[in-house]
Structure formats: C-alpha cells, structure tokens
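A structural walkthrough
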Amino acid sequence: MRKKKTLFRWIWHAYAKSAIIPLIVIELAFLAIYFTSNSWIKNKNQEASHGEAKVYLQELVGLEAKEVQKQLQGVSNLTRIYQKQTEAALKSPEAVIPPEDAKRLAYAPNGAYYTTSGRPGGSAVFYSGYVPVGAPERQKLAKLLPLQGIMKDLQESDPLVASIYFNTYDSLNIIYPYFSVLEQYPSKMDIATYNFYYEADAAHNPEQRTKWTDVYLDPAGHGWMASSIAPVYNGSKLEGVVGLDITVDTIIKTILKLHVPWNGYALLVGKDGTIIGLPETGEKEWKLQELTSHQYKEAVQQDTTKPDEFNIYKRKDTDAFASSIRTKQDGALDVTFNKEQKVVSWTTIPETGWKLLVMVPESEVYKDINLFNQALNRVGTWMTIGLVIFYLLFFAWLYRRAKAMSFHMAGALSAINRGLQRIVEEDYRKDYPELQGDHYDVVELEETASLLGGLTEELSGAKAGLLEANAEIQQRERELRALVNSIDDVILVLNEKGYVLNILTQQQHRFRTPIEELVGRHLSRVIGEETSAAKILEKCQAAAQANSSEVLDFSLAASGLYYQARISPIQLERQEMHFAVVIHETTEQRKAQLALLQAKEEAEKANRAKSQFLSQMSHELRTPLNAILGFAQILEMDPLEPLQEGQKESVTEIYKAGNHLLDLINEILDLAKIEAGKVSLELEPVDYCSLMAECKKLIQPLAQKRGIAIAESAAGQEALYVQANEVKLKQVLLNLLSNAVKYNREQGSIEIRSEVMDGTRMRVSVADTGYGVPLQDQERIFEPFQRYTHDDRFVEGTGIGLTVSKQLIQLMGGSIGVESEEGVGSTFWIELPLQQKQEQPPAEQEDALAAPISKGTVYRILYIEDTDHNMRLVDRILKGQPDLELIGAKSGWEGLQLIEQQLPDVILTDIHLPDIDGFEILQHMKLDGRTKDIPVIAVSANAMPQDIERGMQMGFYAYLTKPLRVRELLQTIRDALQA
C-alpha cells in the first residue's frame, strides 16, 4: 500500500522533484567529473612510474648479476686451476709423506687415518675408514700433500672462498684451512654419498666441467654454504672431486650488498628454487631467519639442504610468480606477497644458473604520486562542503514557501472531506453547503464539489442493488457448504504467499485448532510441517505457470499419515492468483503399496538365496567330480599302462556315474537360470535334418544296448530350417530321444517323424513302444523332479529334463506336448517356426588329442591349486605330454613368487585359494610388464554363468569348469601357447 502524505508534504516533494533534485544532480555530476579526472590522472601517472620502475629494476638487477657472474667465475677459474694441479699430482711417481705431515698423522680406533694437529700452511686430512686405509691409500695421500701450499694460495687469493678441499671416491678428505676432523666428521663417513661429491660424477656431470652446488650444511663445520666443484679423473676413472666453498654469510655480505631504491632488497635463489642468500631486510617479510651458521651438536651424517620454507618453488605464498621465475631467464612481474603488492625483477647468472631477484613495495614506487593526489582530493572536499552549506540555506527558503501554500489549500479540502463523510454515513441529502460548487474560489475544487452532489443520488440507487446481490451470494455459500460436507476431503484456498484464505471440510476433528482460528495463518502452521508446505507451494507455482492442475503426494512425519493434494489455480479479475488445494488421505493405499514392495523384496531375497545355494552346491560337487572323472579319463586313455577288459568296464561305469551326476548338476543349474529369467537365447536358422542326424548318431549306442530300433520318416524335403538356438535345440532333441530309449521296452522301437504344419511351423515327434503315461500324469511329468515309471522300476535320470526342455522350447517361440496310451507307448512332440533355407559354413572337424607344438621345446605350466587330488590329476594329465612341464603352487602368494622367478609359459589357477583368489593373482600380473602377457587359464568349480562371465571380463585367456575334460584342457593349453 502506498504511504499517504499530507498536502504540505506533497507540495514539498513536488518542489524537491522539480527544482532541488535536478540542481543537486548537476552539482554531483560536476564533483564526480572532478574526482574521476583526478583518479584518471593518478592512474596514468602510476602506470608511467610503474613502467619506469620495472625498466630501472631490470637494468639494476642485470648490472648486479654481471658483477656476481664475474665474482663467481673467478671462483670457478680457481676451481679449474686446483683441478688441473690435483690431476697432475695423482699422475706423479711414487712419493713419501713429508716428515712435518707424517708426525701429525695417526690412526683412530675406528680405522680412520687423520691429522691430529695443524701446522702453518697445513691442511686437515681425514681418511674416514669407510675403505680400509693401507699402503696404497697412504701412497695416494703422499702424492697429494705437496699441494697444500697451492690450496693455501688459492684460498687466500679470493675473499669469497671460505675453504678448499679434495674428496676421493674412497672417502679421503683433504681440506684447508685446518680444523679438528675427528671431532667434526662422522665415523666411517662415505663421502661419495654427499652432494658436493656426486653432483660432479659422470652421471650428474658427463661434460666434466665446473659446477656449482645448491646450498647445503657443510659437514666440515662452516655452516651453510655452496660449492664450486670439478671432477678429477685418472684416465676414465673418477678419482675424486675438488671444491671451493662460499658460505651463505659471505654471499649476503659480499654479493648481496646491492642498494635497492624504494626500500627494496635483493635475494639470491638457487637452481632448485632454494634461497641462497636473504638479507636482514627480507627476513621479516619472508618470515625466515637466514641460515648463516649452524650449531654442530653431532656430525652431519647425510646430505642436509635448507628446509622447504626456503624454497620459493615449494612455498604456497609464491605460487603466483614462482613458475615464471623458474621458466624465464629474466623478467619483471607485479605480484602480491605477504598481503602487499610488490614489483619483482630478476635475471639469471649464467655461471651457476642462480637467479638474482629484487623485490620493491609497489606503494613506495607510487608514494609521490599518492601525495599529490591526496592534495587534489582535499581541494575537492572543501568544494563539496561549500555546496552543502549553500543548498541547506536554499532548502530552508523553499520549505517556508511550501508551508504557506499548503495551509491555504488544506482549508478548502477539509470542507470537501466533511461532505464525503456524510456520504459515507449513507446520508444522501443534497442540501449540504459542502456540496455546493459556489462555496470554493478554486475552479477544480468547485467542480469536485458538484460531482460529489451528483454521486449522492447514484449511490442511493446502488445501495438497494447491493443488498439484493449480497442475499444471492449468501444462498450460494450455503449450497457450497452443503457440497463440502458431503465429501471426506479438506479444501484449502490459498493466496500466492501461502496464507490460508478459507478452509472447507466436514473433517474438523483433523485440526487441533478451530478452523476459524486457522484462517489467515500460513500453510506451514496449518498442516504443521514446513517441508510439506514448501512442496505444496512449489506445485502452486507450477500450476499457475501451466494454467492446469497439479498433483502432489506427501506425508506428515508427526502423524505418520500420507496424503495426496490436487492443486488448481483460481484466476481473479485482478492480477492476483489464488489456489484451491484439495487434500485427500492416502494412508491405506500407501500401506498396501509398501506391503507389495516388501513382498517383492522378500521374493528377490529368496531367489538370491536359492542362487547362492545352487552355486555353492555346484562348487562342492564339482570339486570331487573333477578328481573322479579326471582320473577315470587318464586310466582309460593311458597308453603306457592299458587296462584289462574288466578294469575298463569298471572305469567306464565310474565315468558314466560321474557324468550322470554332472548332468544332474548342469540340468539343475539350467532350470534355475530359466526360472530366474536369466537365459537369453540367440535364435537363428538351424538345419533340422543335420542336427537330428547328429543326435541319432549320439543316441544310437544307447539304443543298441537295449535292442531298440530307431526309424525316421522325413517331411519330404531335402533340408528343413527352423528358427531356434542350435545348442539348446540339440539339448531338447537328445532329452526326448534318451527318454524314448530309457522308458522303452527291451527290443522295442522308436519312430522319429517330422512334418510341416500350415506352411509356417514344423512338428517333430518322437514315438516309443514303452508302457505309456497315464492321462492324469501327463501334465505332471513336465514339472521338476516328477517322473512316471511302470511298476516302480528304476530308470536312470534327474527328473528335470522335460521341465528344462519345455522352458527352452517356449523361449525359442515353440511348444511341446505328449500323447500317450498306457500299455502302447508315448509320443512326445515339439513345434517350432520354419525358416528359409540358408547357406551354412562347413562344419569344423574335431581335433584329435593335442600334439606337441614343436619337438625339443619344453614349456613350463604353473598350476596354482590348494587341493592335493586336483594337483595330482593335472600332474598325471601332463605327464603324458613330453613337451609340457608342470610347476605346482598351493597358495596365491606362492604362485606369484614362482611367476616372478620362473616366468612360466602358461598359468592354470583355481579361483578359491587360501590367501588371495585367482582374480587378485591376475590383477597383480597385469600390473607387471614382464607377466602381463602370460596366458592365464581359470580352472574352477564355480560354474555359474555369472562366474564364467566375470572371469572372461577380468582377462582370463579361458575359463574351464571342474570336472575337467582331458582333451579340452590339453587343447586349451596348446592354444594358449600358440596365442
């Protein structure tokens, strides 16, 4: 609602809008131009000064870098001189240790050979004893000691050099000036492991040039330093390394004495980013204390470099500019460091690769410009104060004028207000002086009074019409109330902000508060939950945008009840939108849905338990079957120890019984897969005639044993093609034929008939002369483990063959049935869709028992298996193969060790092992470049399809299931060797 104003305030605001505010805006614009131009001039001056500062700093750091280059190059030249002198000394003929040095050399109890005292111009000697010190070592020392004078002269010729030394590969250290080496150096010190030695060897310095180390802690007791080092070779052999040391304290005092303007400072950074020298002015800003000395509480046992906080490439606060300094030889950058803007300029010292940096606070560069700008701002401030005083006086004068005008206008308007008040009180007489036009001296007010007089008469007539309309509205409200009371739902009327305008329901007991008190409250307070209220209001907005109804399911946590809300927009004549929300309780429907979902989850849980049981059963049965069938095959196939006829029959019976048990396991698994809906068949045109001929060939020996004749009557065509899966159709046909033999009479017969039905389907019938199946059992025999036998005689079988056959035929789009007459026989039939004749690829001939790949070569086969009889089985199988050698391992880790040691040609592994499983073995091999290409064959009793699929996805070359087939195992090994 707009805020109301008095007449005086209205006139005052009119003055302000038309006169005062434009003047203020113009003055503010002039001030803005003034301050903006000052700021622009300041920025341009800063840019110019900033550029000049960068150029100056770049020139300054370049000149200083040349001076540092000259000083460091001088040290490098001294290093090369000492290198040449040392090489010449080592090539000199045999020498004798001078008497003045011999008397101060002695052996320490730990085997070290060292100088016990100093002498004028004498060096310190330390043969650490890391290599036993004998006559050859003392002879080498005798050749080198004459260089002590040269070492003294070189050290004293350059004020930067703190010490000069020579270190050998067998841990001899000769260093000048002298110090007590036995107290300083560690026992059995291996000098070749320190950076001031190995950085000059062939691996780190193949060019054999002079190099500079980064900063390190000197084992000789001089604190933190850097060294100029050079290798000393005797022919191609590295005899040792010469070096000249410069301490960090010397670097700071001598090299970093540069005067940097603008309160800046210089620092020296090594190749690896380590700060070599940092003056006192920079220590506080970098929050570091430069390491110029060290308290040697114990000997330095290994390389000791500065901590990471001294490395600008590793510090987080230098990330913004460290990469540029690392990659560029020189440059200048604007950076933020230590919460302050800085200008950084740097260049590279060619001799060492070190970086010389200069850092200057940006505020110091702009100091003079900022002072000038502050003066200009003060001028602008005084101008602003003057304008404020002027406008305050001007506003006071305008205020007095507005007040006088409003007093005159208010008297006339008050008279009109008294006339309007009488109209509000429904007093519509026209003889009041306030409603007479000639009462006012302002034309507009006179016209307003006349209009009010005419309005009085119109309102008198409108009042009667309003009373009549109100009575009609009340009647409709009573009708709506009756309709609401006839339903169980709650109807809410909401505005756009979610406040309840009305509640219509007969279910008043649902609310703890009287409905009259709930009207006007927010929806969240009415239903008692903010989350559900927010969802309803979101749906209201969606309904308004789509101009259609929306539905929302929600629940109230406090009551545990479920509801459904149907929301419809109500478009009013004005722009405002209301919403009708019909809320219906759905708790009972929700409970029914949850019960159904729980039942589904229980069923799925039971199905998973069944699958787990079948998988475990298959594994436990296949493990002993592997030994039974495997050794039976070996006994039957062994040419060296052939069986007698009786033994052959016994082995055959063992093999038949084992295969029968295996068939039972496979058929149970097939049935479980079909019932779980996990069988997906790929259908294709199948040559029925060829497939039936193959099945007859397989079943003929079984029929001949019982004297049963097999006859076939074809449909009169050369070839019939059906839409099926060849493997599964063969399984069904073999089941029907084997049943026709097993349930037939001795000397009976079997007739196979094939006929085309309606030109689209083919029926195959298998009729026997057995005892038949009673009518009441004909449906039951297609159920799992249901069989019918005449006179309860024993018939070999599992009782699920017909169940699996029925499911497979249905998956192939066909049907299966039986017609039987007791005492006469049974006819089992299947029907499948016909297909057009298609060209078939020639059938491949089954390979004979795998033969050796090449004569004279013996291949190593590693078998990882924790069960002894399985290991013995594979050992017996491979003994008949002269080119295959078996290696055994009883655990996964033992197998991995043998793989790394012997690199076998092919690996066989069980999945379940006592420590790690076969999958982990395969993963370890894939991570090793030497073993990742070795073929790995899984040999496991886990025969579930998901186990085989997982194994092939993991990368096994093949996945063989127990019990093993000898020919299949040997052929798979041969294929893997040739892969």
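Keep in mind the model is a prediction, meaning the values are calculated, not measured.

1. A word on the overall build of the protein
A tally of regular secondary structure across the protein gives 25 helices and 31 strands. Across the 979 residues of the protein, 43% fall into the buried class. The contacts in the protein between residues at least 6 apart in sequence include a share of 63% that link residues at least 24 apart.

2. Let's talk about the packing of aromatic side chains
Per the counting criterion, the structure on display carries 12 aromatic pairs. What links up through ring pairs into an aromatic cluster is the set Tyr165, Tyr194, Phe196 and Tyr216. Lying over the aromatic face of Tyr313, Arg326 brings its terminal NZ or CZ to 4.2 Å of the ring centre. The ring of Trp829 has Arg763 lying over it, and the distance from NZ or CZ to the ring centre is 4.0 Å.

3. Observations concerning the UniProt feature "modified residue: 4-aspartylphosphate" (unreviewed entry) in the protein
Mapped onto the present numbering, the UniProt feature "modified residue: 4-aspartylphosphate" (unreviewed entry) falls on Asp910. With respect to the element layout, Asp910 can be found in the loop between strand E29 (906-909) and helix H23 (918-926). Judged by relative accessible area, Asp910 falls into the buried class, the value being 5%. Among residues more than four places away in sequence, those in contact with Asp910 are Ile864, Glu865, Asp866, Gly918, Val939, Ser940 and Lys962.

4. Thoughts on the sheet that holds strand E10 (residues 265-269)
Strands belonging to one sheet form pairs held by backbone hydrogen bonds; the direction of such a pair is parallel or antiparallel. Pairing is antiparallel across the open sheet formed by five strands, whose spatial order is E11-E10-E14-E13-E12. Whereas interior strands pair on both sides, the edge strands pair on one side only; in this sheet they are strand E11 (275-277) and strand E12 (331-337). Strand after strand, the sheet turns through a mean of 35° between neighbouring axes, direction not considered. The pairing of strand E13 (residues 340-348) with strand E14 (residues 355-361) spans seven bridges and is antiparallel. Each residue of the ladder has a partner; that of Thr347, found in E14, is Leu356.

5. Regarding the sheet that holds strand E18 (residues 561-571)
An order of E16-E15-E19-E18-E17 is seen for the five strands of this open sheet, with the pairing classed as antiparallel. The strands lining the two open edges of the sheet, one partner per strand, are strand E16 (500-504) and strand E17 (550-556). Along the sheet, successive strands turn relative to each other by an average axial angle of 25°, direction set aside. By the bridge criterion, four bridges tie strand E15 (residues 490-494) to E16 in an arrangement that is antiparallel. Across the sheet, residue Leu492 finds its bridge partner in E16, namely Ile503. Lying on the sheet, helix H15 (residues 530-546) is in contact with E15, E17, E18 and strand E19 (577-585); it crosses E17 at an angle near 180°.

6. Brief notes about empty space enclosed by the protein
Enumeration according to the criterion identifies four cavities of 30 Å³ or more in this entry. In this model, the largest cavity occupies a volume close to 90 Å³. Looking at the largest cavity, it is lined by 13 residues, and the ones nearest its centre are Asn167, Asn173, Tyr185, Phe196 and Asp218. Here the lining of the largest cavity is composed, by residue class, of nine nonpolar, two polar and two charged.

7. Points about a nonpolar patch on the surface
Taken together, the side chains of Trp382, Ile385, Ile389 and Leu393 make up a nonpolar region of the molecular surface, amounting to roughly 480 Å² of accessible area. For Ile389, the position within the fold is in helix H11 (residues 367-424).

8. Notes on the environment of Ile349
Here Ile349 shows up in the loop between E13 and E14. Along the chain, Ile349 and Glu64 lie 285 residues apart, while their C-alpha atoms are 9.7 Å from each other. Setting aside chain neighbours within four positions, we find Ile349 in contact with Ala65, Val68, Gln69, Leu72, Leu268 and Trp354.

9. Notes on the pattern of salt bridges
As enumerated under the stated definition, the model contains 23 salt bridges in all. The shortest N-O distance in the salt bridge between Asp101 and Arg104 comes to 3.0 Å. Judged by relative accessible area, Arg104 falls into the buried class, the value being 3%. When the shortest N-O distance is used, the salt bridge between Asp883 and Arg974 registers 2.5 Å. Of this pair, Asp883 sits in the loop between helix H21 (868-879) and strand E28 (884-889) while Arg974 sits in helix H25 (residues 966-978); the two residues are 91 residues apart in sequence, bridging distant segments of the chain. Judged by its relative accessible area of 4%, Asp883 falls in the buried class. Each of Asp101, Arg104 and Arg119 takes part in salt bridges that share partners, so that together they form one network.

10. Notes on H23
Taken together, the buried positions of H23 are occupied by Gly918, Phe919, Ile921, Leu922 and Met925. The buried side chains of H23 occupy one side of the element, clustering within an arc of 160° when seen end-on. Summarising the contacts, the buried residues of H23 are in contact with strand E27 (859-864), helix H22 (892-902), E29, strand E30 (936-940) and helix H24 (945-954). In this structure Asp917 caps H23, since a side-chain oxygen of it lies 3.1 Å from the backbone nitrogen of Phe919.

11. Focus: the pairing of strand E24 (residues 761-768)
Extensive coverage of E24 is indicated by the burial of seven of its eight residues. In this structure, strand E23 (residues 749-757) lies alongside E24, joined through eight bridges in antiparallel fashion. Counterpart to Ser754 in the pairing with E24 is Val764. Between the end of E23 and the start of E24, which pair antiparallel, lie three residues, with Asp758 showing a positive phi angle near 60°. As judged from the seven bridges shared by E24 and strand E26 (residues 825-835), these two strands associate in the antiparallel manner. Paired with Val766 across the two strands is Phe828, which belongs to E26.

12. Side note on the packing of H23 against H24
Following both chains from N to C, one finds H23 and H24 inclined at 10°, their axes separated by 11 Å at the closest point. One element, H23, and the other, H24, form an angle in the roughly parallel class. Contacts from Phe919, Leu922 and Gln923 in H23 reach Arg950, Gly951 and Met954 in H24. A class-by-class count of the residues in the contact of H23 with H24 yields three nonpolar, two polar and one charged.

13. With respect to unusual backbone geometry
With omega at 5°, the peptide bond leading from Tyr176 into Pro177 counts as cis. Take Pro177: it is sitting in the loop between strand E5 (172-176) and helix H5 (181-184). Cis geometry marks the peptide bond from Lys962 to Pro963, where omega comes out at 0°. One non-glycine residue with positive phi stands out, namely Asn263, at about 60°. Residue position: Asn263 is located in the loop between helix H7 (248-255) and E10. Non-glycine residue Asn547 carries a positive phi angle of around 55°. Inspection of the secondary structure assignment puts Asn547 in the loop between H15 and E17.

14. Considering helix H18 (residues 688-705)
With 18 residues, H18 extends 26 Å from end C-alpha to end C-alpha; this agrees with the ideal 26 Å at 1.5 Å per step. Ile699 marks the point of greatest bend in H18, at about 40°, and the proline Pro701 comes within the next four residues. Where H18 is concerned, the buried positions are Tyr688, Leu691, Met692, Cys695, Ile699 and Ala703. Where H18 is buried, its residues contact strand E20 (684-687), strand E21 (709-713), helix H19 (726-742), E23 and E24. Where H18 starts, the residue carrying a side-chain oxygen 3.3 Å from the main-chain nitrogen of Cys689 turns out to be Asp687. Count one or two residues on from H18 and you reach Gly707, which has phi positive near 70°.

Thresholds, definitions, all that
Residues numbered from 1 in each chain as written. Predicted model: local features only at pLDDT ≥ 70, side-chain atom pairs only at ≥ 80, totals over all residues. Heavy atoms only, no water. Helix = DSSP H or I, 4+ residues; strand = E, 2+ residues; numbered from the N terminus. Buried < 20%, exposed > 50% of the residue type's maximum accessible area, 1.4 Å probe, protein only. Contact = heavy atoms within 4.5 Å. Phe/Tyr/Trp six-rings, centres within 6.5 Å; stacked < 30°, edge-to-face > 60°. Lys NZ or Arg CZ within 6 Å of the ring centre and 35° of its normal. UniProt positions renumbered as here; feature names shortened; annotations may be inferred. Pairing = 2+ DSSP bridges. Axes fitted to C-alpha atoms, helices over the stretch in contact; angles between N-to-C directions. 1 Å grid on protein atoms, 1.4 Å probe; cavity = no way out; pocket = protein on both sides within 12 Å on 5 of 7 lines; lining within 4 Å. Points joined across faces, edges and corners; volume = space filled by probe spheres on them. Nonpolar A, V, L, I, M, F, W, Y, C, P; charged D, E, K, R; others polar. Patch = residues over 30% accessible without salt bridge, like charges linked within 9 Å, V, L, I, M, F, W, Y side chains within 5 Å. Areas by Shrake-Rupley, 256 points an atom, 1.4 Å probe, with all protein chains shown as cover. Salt bridge = Lys/Arg side-chain N within 4 Å of Asp/Glu carboxyl O. Arc of directions from axis to C-beta. Polar contact = N/O pair within 3.5 Å; in protein donor to acceptor, adjacent residues only side chain to side chain. Parallel < 35°, antiparallel > 145°, perpendicular 65-115°, else oblique. Expected span 1.5 Å × (residues − 1). Bend = angle between axes of the 7 residues up to and from the residue.

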